[in-house]
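Understanding the architecture of this molecule
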Amino acid sequence: VQLMESGGGSVQPGGSLRLSCAASGFIFSSYAMSWVRQAPGKGLEWVSVINSGGGSTSYAGPVKGRFTISRDNAKNTLYLQMNSLKPEDTAVYYCNAYYADYDRWLEYDYWGQGTQVTVSS
């Protein structure tokens, strides 16, 4: 199983970045996918989630209206379009894959290695 984030970097306030997460080793289209971030010296903060089919999304308050999560199940790839970036968005961004089948007592939870996003003037 592998989740490989890319697209991070340094950007000025108000700028945009598009993160990608390439998945392999599991049935990507069966998993809900999330972006989670960790700012310097702080704990993990959930950012956004998209269901397995891509038809349902949800966002944390601080990013709502600025970030857009999407997925391409044919390419096994998750995306996060980040617009109007603010210094407080500076963090390491991780993608997460989650699957649960409670009737069969199955639960899988995978994480990528993270990509750094720095927003600074």
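As a reminder, the structure under discussion sits directly above these lines.
Parameters at a glance
- Residues numbered from 1 in each chain as written.
- Predicted model: local features only at pLDDT ≥ 70, side-chain atom pairs only at ≥ 80, totals over all residues.
- Heavy atoms only, no water.
- Core = buried A, V, L, I, M, F, W, Y, C linked by side-chain atoms within 4.5 Å.
- Buried < 20%, exposed > 50% of the residue type's maximum accessible area, 1.4 Å probe, protein only.
- Helix = DSSP H or I, 4+ residues; strand = E, 2+ residues; numbered from the N terminus.
- Disulfide = S-S within 2.5 Å.
- Salt bridge = Lys/Arg side-chain N within 4 Å of Asp/Glu carboxyl O.
- Pairing = 2+ DSSP bridges.
- Lys, Arg positive; Asp, Glu negative; His and termini not counted.
- Polar contact = N/O pair within 3.5 Å; in protein donor to acceptor, adjacent residues only side chain to side chain.

Observations regarding the nonpolar core
If you look at the biggest cluster of nonpolar residues, it comprises 27 residues, and the most contacted ones within it are W35, L78, L80, M82 and Y93. Those elements that place two or more of their residues in this core are β3 (17-24), β4 (32-38), β5 (44-50), β7 (67-72), β8 (77-82), β9 (91-101) and β11 (115-119).

Brief notes about the state of the cysteines
Under the defined criterion, the tally for this structure stands at one disulfide. The disulfide partner of C21 is C95, and the S-S distance across this bridge is 2.0 Å. Measuring the twist about the S-S bond at about 45°, one finds the C21-C95 disulfide to be right-handed. Of this pair, C21 sits in strand β3 while C95 sits in strand β9; the two residues are 74 residues apart in sequence, bridging distant segments of the chain. A single burial state applies to C21 and to C95, both of which are buried.

A few points about the pattern of salt bridges
A complete count under the given rule lists four salt bridges for this structure. A salt bridge links R104 to D101, with the nearest nitrogen and oxygen atoms 3.8 Å apart. Residue class for R104 comes out exposed when judged on its relative accessible area of 58%. Note on D101: relative accessible area 15%, which makes it buried. Each member of the salt-bridge network shares a partner with another, and the members are R37, E45, R66 and D89.

As for the environment of S10
Tracing the backbone shows S10 in strand β2 (residues 9-11). Under the relative-accessibility criterion, S10 is labelled exposed at 68%. C-alpha separation for the pair S10 and Q113, spaced 103 residues apart in sequence, amounts to 18 Å.

Looking at the pairing of β3
Bridge count for strand β1 (residues 2-6) against β3 is five bridges, and the pairing is antiparallel. Paired with L3 across the two strands is A23, which belongs to β3. In terms of strand pairing, β3 meets β8 through six bridges, oriented antiparallel. By the bridge assignment, A22 is partnered in β8 with T77.

So, the side chain of E5
Topologically, E5 is positioned in strand β1. Comment: no salt bridge for buried E5; closest opposite-charge side chain is R37, at 13 Å. Within the structure, E5 has its side chain in polar contact with the backbone nitrogen of C95 (distance 2.8 Å). In terms of polar contacts, E5 uses its side chain to reach the backbone amide nitrogen of Q113, at 3.1 Å.

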